[in-house]
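What follows is each chain in one-letter form.
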Amino acid sequence: MSAALSLSPINNEGRNRLRIVFWVFLICTSCKVLLFPSYRSTDFDVHRHWKSLTRHLPVGEWYWDDQYVDTRHTLDYPPGFAWLEYAWTNNYVVSTLLKRGWVDEECFALMSDPKEGLLQRVSISCIAFMRSTVIVGDLVFWVGAYAVANVVASTFSWPTFLGLVLYPGLLWLDHVHFQYNALMIGVWLLSIAGLLRANTTDHEHIASNLLLGAANLYSLLLTMKHLYLMFAPWYAVYLFRRYCHSPGKGPSFVFSFPRFVILGSITVTTLLIPLIPMTTSSVHPVKEMMQQIHLRLFPFDRGLVHDYWAGNLWAFYAAASKIVPLPEVTPKLTALLLLLCQSPSYWYCWKAAASRDNSLLLLSMSLCGAASFFLSYHVHEKAILNVLVPLTLWGVQGSGQFVFWWECTAWGTMGLVPLLYEPRELLLKGTTLTCYLCASYGYHKTHHRAEPSYSGHRKWIMYVPYQFHGFLLAAVWILVDLIPIHAFGRFEFAPLALTSLFCAFGLAISFIRLLYALETDL
Amino acid sequence: MSAALSLPPIISDRRKRLRIIFWVFLICTSCKVLLFPSYRSTDFDVHRHWKAVTRHLPVGEWYWDDQYVDTRHTLDYPPGFAWLEYAWTNNYVVSALLKHGWVDEDCFALLSDSRDGLLQPVTNSCIAFMRSTVIVGDMIFWVGAYAVAHVVESTFSWPTFLGLVLYPGLLWLDHVHFQYNALMIGVWLLSIAALLRANITDREHIASYSLLGAAFLYSLLSTMKHLYLMFAPWYTIYLLRRYCHNPGKGPSFVFSFPKFIILGSMTVTTLSIPLIPMTTLSVHPVKKMMQQLHLRLFPFGRGLVHDYWAGNLWAFYAAASRIVQLPEVTPKQTAILLLLCQSPSYWYCWKAAATRDNSLLLLSMSLCGAASFFVSYHVHEKAILNVLVPLTLWGVQKFDRFDFWWECTAWGTMGLVPLLYEPRELLLKGITFTCYLCAFYGYHKTHHQPVPFYTRYRKMMMYVPYRFHGFLLAAVWIMVDLIPIRAFGRFEFAPLALTSLFCAFGLTIAFIRLLYFIVTDKVIL
């Protein structure tokens, strides 16, 4: 065979891989389209309302939307997300759809909350349009997953890529419940890919540009959803050590002020850009605008726990306070506790930046996310995604790390199950979660070397069989989803409360074991 | 390894096989349980009403149920099925469920049709009970599939077994739409398994008992659902040639009167047993009972085609009669046409019985079913199951028959798609159907030798690529299920009508090719 005619193997491999990715994407997207008629939560109305307010109100009035219409679904995401909603509805495609009558103008109308029923009555074409925006937004996620799977190992990591794009929790949250998580996780994944790539490249200037890109993407993410603020200290510590360091001066840290200024100005600019048109074209003074945004983004009066407890420390606390009276936990107290519990991750983060260790980087990020999930004030169960995403990058393909990833994914996703509470999604939830957990377990059994057999002393803490988790997961699922609620009599709160507690328990156990493994093995 | 300690391979094989089957069964059954809250058709109300009728009315009054309650869902299955409904509700389990309050007595109450809405309002526990009966009935189907997969080949045939139990059409019909098809197909499969077994055993007396058993099971089936009457001539011919034949007198047919008497008396007894308590315990005279039964089972007033046309000859006829004036087709005409179209299958059936050829047996049965589906009066799209089941046994595991099976299954099942018309079943239909067709195509590609390359002359007729069907199926599905109905404007009947026509077209093409194949390629027989 002539060398001139045949493609180089690497190129050929890339083409092959892209072909597979394309088919996986096509199949997944088809399934998402077929989920159009499934259950939607009030978050659908929330995002529909945000689209209508960014379409009809002047920029400066977006955060005063309750002055114009009587609704609970006020804008409570940062300005960047508002601009995203603006972009979804003010473009050529939407104008065309409206002109042809394929979507009705009602879909983007400012409407007060419905008098009866929980959900706004909208047309089927409106649902199709809204769900399509989620599917289009998913493209960013797929690009992010592809980018990060390329850099997380020496070759393209299929387990990482498939572990991300086939994750059932995101399918439920975005395409059934209705949110735009995948889009934002996509931006985050691109930022992480930038961080990782900086450590694998030999060229110092490429690394620098990549780190700046990562900082830029993370700031962009922050302007879209302030939940990601939990990683702000982590990013600050990492970029400070990794980027604001004068290279070529030995291993110890040498602060570089010019680099600090560059980094700082990029971050601050990115954070400010969405705010500038809001404040300049508004009738409200800047200070009032800032107060209003602060009020909307941090509504601390919502209480320590969400209606449905997330599987974290406060689930135990809330359960205990039902039995014995416990003091109320204030936001300030949780902030202090959070900083304390995040501090080990800062230490690992600093170490990762100093030694340019990608695995440690991902681990410290996961620990930082986990600390936030476990202790923050008024955490939603959905915040578990911010733990699972870096954990997937860190753990899914390592033989020793897989078990932690699997357990956290299993219990974290179990916590999402009660979100789709209607019986018609039973089969979807059951098959997707079971297939995902079984397939990844099968991959582990066939592709990883056998786990070490622990000595008597360590076996206690380190060895929890998969079967144990499997049966417990099945039992919890049957409890919360299959047993009719009236079977619990006056304990009708029990299924949800027990699910939270079991998820909190499962997550806590696996993180304690992870910390133990880190302490004794590193 | 010591020989005394290790199990003989055949037993260990079977144990392993049963373990796999157990897990497949468990997974399938779990999925069926999770389908409890899905869409249910008025057939749910039909079967609920029949349970109420058999629970509350005296046996003799079952076919006069409309005298007691105002309902459209009158009992129109043969007496055997009524007794089955009776058994579902008059047993220890149901009494216990009622006593504990796990199912309400309203579930089995005689109710008039609901004033508002199509469906009777029932409790969740009632739905759970009704759906559970379908799941329990499925066990017969699994046993039947296991039995038949054993005898259809020299070793256990996994493609046949999985092709039957994983078939998505049955899942949709029984566990979503709500019917008891799998139960009855299970009885039928057991009967077929006995017919096949009779031809592979060496002992004449075992063969005789198997054939009698098959006849008994088929009669039982006929007393449960008269749709299976379409195979009555086939069974008669087959058993006449195969069973009522004096063995040991050479190849030509020698009629044995004693055997005929045995066969006949057993069949007639089985057919009349469910009727006896009905007629003896009834206030109505026997003749009137028979008239009433006949009226209920054969309501010819319903017209040539069902509201939604099945994919058969009459779909073309109905479509053509929309454009040009065509004479009305009477039930008698279809009966004559049916007999005519079934006659080749009788010929093959006779030949199969004479040569004890199992493959020809299954083929002739499929052809018989296909002829009935194509030309019978008022055929439902669900009747395609009676073609697909013997066709699966005949074709799924042979490299040169696979494509006929695949095409018929694809288009036959596509015809069932509009039954679950609610959008919430879109994903279920799409995934199960696509996975089934793709998985079996994959099995065909990896396990079968390549299909012979046809000469140019025959290629025109024999070679239709899978992709052609795949794209056409996808297009029809998108048209009927995904495009909103108002996009068709005043042609809102178009999606359903076109689906029927496409299915009829796909099935016709596959069967014409099959016949051409049989006629030109003696090798297959």
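Residues numbered from 1 in each chain as written. Chains lettered and ligands numbered in written order. Predicted model: local features only at pLDDT ≥ 70, side-chain atom pairs only at ≥ 80, totals over all residues. Heavy atoms only, no water.

Attention shifts here to the overall build of chain A. Counting secondary structure elements, chain A contains 22 helices and zero strands. Relative to the globule expectation of 24 Å for 522 residues, the C-alpha radius of gyration of chain A, 24 Å, shows essentially globular dimensions. Referenced to the eigenvectors of the C-alpha coordinate spread, the extents of chain A come out at roughly 65 × 60 × 60 Å. By residue count, 54% of the 522 residues in chain A fall in the buried class. Taking the contacts inside chain A whose residues are at least 6 apart along the sequence as the reference set, 76% of them involve residues at least 24 apart. Once the 36 positive and 32 negative side-chain charges of chain A are each reduced to a mean point, those two points are 8 Å apart. (Helix = DSSP H or I, 4+ residues; strand = E, 2+ residues; numbered from the N terminus. Rg over C-alpha atoms; globule rule 2.2 N^0.38 Å. Buried < 20%, exposed > 50% of the residue type's maximum accessible area, 1.4 Å probe, protein only. Contact = heavy atoms within 4.5 Å. Lys, Arg positive; Asp, Glu negative; His and termini not counted. Charge placed at Lys NZ, Arg CZ, Asp CG, Glu CD.)

Residue and element names in this part refer to chain A. A surface patch of nonpolar side chains, amounting to about 370 Å² of accessible area, comprises Phe255, Phe257, Phe260 and Val261. Its location among the elements puts Phe260 in helix α11 (residues 257–272). With a relative accessible area of 37%, Phe260 lands in the partly exposed category. (Patch = residues over 30% accessible without salt bridge, like charges linked within 9 Å, V, L, I, M, F, W, Y side chains within 5 Å. Areas by Shrake-Rupley, 256 points an atom, 1.4 Å probe, with all protein chains shown as cover. Salt bridge = Lys/Arg side-chain N within 4 Å of Asp/Glu carboxyl O.)

Turning our attention to the state of the cysteines. Applying the stated rule across the entire model yields two disulfides over all chains. One disulfide bridge connects Cys107(A) with Cys126(A), the sulfur atoms lying 2.1 Å from each other. Measuring the twist about the S-S bond at about 65 degrees, one finds the Cys107(A)-Cys126(A) disulfide to be right-handed. With a gap of 19 residues between them, Cys107(A) in the loop between α4 (92–100) and α5 (124–151) and Cys126(A) in helix α5 connect regions that are remote in the sequence. As far as the burial class goes, Cys107(A) and Cys126(A) line up, both buried. Between the sulfur atoms of Cys107(B) and its disulfide partner Cys126(B) the distance amounts to 2.1 Å. Measuring the twist about the S-S bond at about 70 degrees, one finds the Cys107(B)-Cys126(B) disulfide to be right-handed. With Cys107(B) in the loop between α4 (92–99) and α5 (124–151) and Cys126(B) in helix α5, this residue pair connects regions lying 19 residues apart in the sequence. (Disulfide = S-S within 2.5 Å.)

A few words now on the nonpolar core. One broad rule of soluble globular proteins: the nonpolar side chains tend to lie buried together. The biggest cluster of nonpolar side chains holds 308 residues, and the ones touching the most others in it are Tyr235(A), Tyr238(A), Tyr235(B) and Tyr238(B). The element contributing the most residues to this core is helix α8 (residues 181–200) of chain B, with 13 residues. For this core, the domains that each give at least three residues are domain 1 (2–210) and domain 2 (300–520) of chain A. Trp309(B), Ala315(B), Leu501(B) and Ala504(B) belong to the second largest nonpolar core, which has seven residues in total. (Core = buried A, V, L, I, M, F, W, Y, C linked by side-chain atoms within 4.5 Å. Domains from an automatic or database assignment.)

Time to look at the interface of chain B and chain A. Counting residues at the interface gives 14 residues for chain B, matched by 14 residues for chain A. The junction of chain B with chain A conceals about 1,100 Å² of combined surface from both sides, 87% of it contributed by carbon and sulfur atoms. In terms of surface lost to chain A, no three residues of chain B exceed Leu34(B), Pro37(B) and Leu427(B), which account for 50% of the buried area on that side. The interface formed by chain B and chain A contains zero residue pairs in polar contact (both at pLDDT 80 or more). Taken together, the elements giving at least two residues each to the side of chain B that touches chain A come down to α1 (9–34), α19 (426–447) and α21 (466–482) of chain B. No other element matches the five residues that α19(B) contributes to the side of chain B that touches chain A. (Buried area = accessible area lost by both parts, 1.4 Å probe. Polar contact = N/O pair within 3.5 Å; in protein donor to acceptor, adjacent residues only side chain to side chain.)

Moving on: the packing of helix α18 (residues 402–414) of chain B against α19(B). Residue and element names in this part refer to chain B. Relative orientation of the contacting elements α18 and α19 amounts to 175 degrees, with a least axis distance of 11 Å. On the basis of the axis angle, α18 is roughly antiparallel to α19. Every residue of α19 that contacts α18 at Phe402, Trp405, Trp406, Thr409, Ala410, Thr413 and Met414 is listed here: Phe433, Tyr436, Leu437, Phe440, Tyr441, Tyr443 and His444. The class makeup of the residues in the contact of α18 with α19 is 11 nonpolar, three polar and no charged. (Axes fitted to C-alpha atoms, helices over the stretch in contact; angles between N-to-C directions. Parallel < 35°, antiparallel > 145°, perpendicular 65-115°, else oblique. Nonpolar A, V, L, I, M, F, W, Y, C, P; charged D, E, K, R; others polar.)

So, on to the domain arrangement of chain A. Residue and element names in this part refer to chain A. Domain boundaries in chain A define domain 1 (2–210) and domain 2 (300–520). A separation of 25 Å is found between the C-alpha centroids of domain 1 and domain 2. Contact residues are listed per partner, giving 36 residues for domain 1 and 33 residues for domain 2. Summing both sides of the interface, domain 1 and domain 2 together bury roughly 2,900 Å²; the carbon and sulfur share of this comes to 72%. Area buried by domain 1 at its contact with domain 2 is led by Tyr39, Tyr167 and Trp172, which between them contribute 26% of it. Summed over the shared surface of domain 1 and domain 2, the number is one salt bridge.

Turning next to the pattern of salt bridges. For the structure on display, the rule yields 24 salt bridges over all chains. With a shortest N-O distance of 2.6 Å, Glu407(A) and Arg513(A) are connected by a salt bridge. With Glu407(A) in helix α18 (residues 402–414) and Arg513(A) in helix α22 (residues 494–521), this pair connects stretches of sequence that are 106 residues apart. Comparing Glu407(A) with Arg513(A), the two get one shared label, buried. Notably, a salt bridge pairs Arg356(B) with Glu204(B), separated by 3.6 Å at the nearest N-O pair. Of this pair, Arg356(B) sits in the loop between α15 (331–355) and α16 (358–375) while Glu204(B) is found in helix α9 (residues 204–224), placing the two residues 152 residues apart along the sequence.

Once that is clear, we can look at the UniProt feature "transmembrane region" (unreviewed entry) in chain A. All names here are of chain A. Taken from the UniProt record, the annotation "transmembrane region" (unreviewed entry) applies to residues 20–39, 180–198, 218–240, 260–280, 360–377, 384–406, 464–487 and 493–516. In residues 360–377, helix accounts for 89% and strand for 0%; the two terminal C-alpha atoms are 27 Å from one another. End-to-end, the C-alpha atoms of residues 464–487 are 32 Å apart, and along that stretch the chain is 71% helix and 0% strand. (UniProt positions renumbered as here; feature names shortened; annotations may be inferred.)

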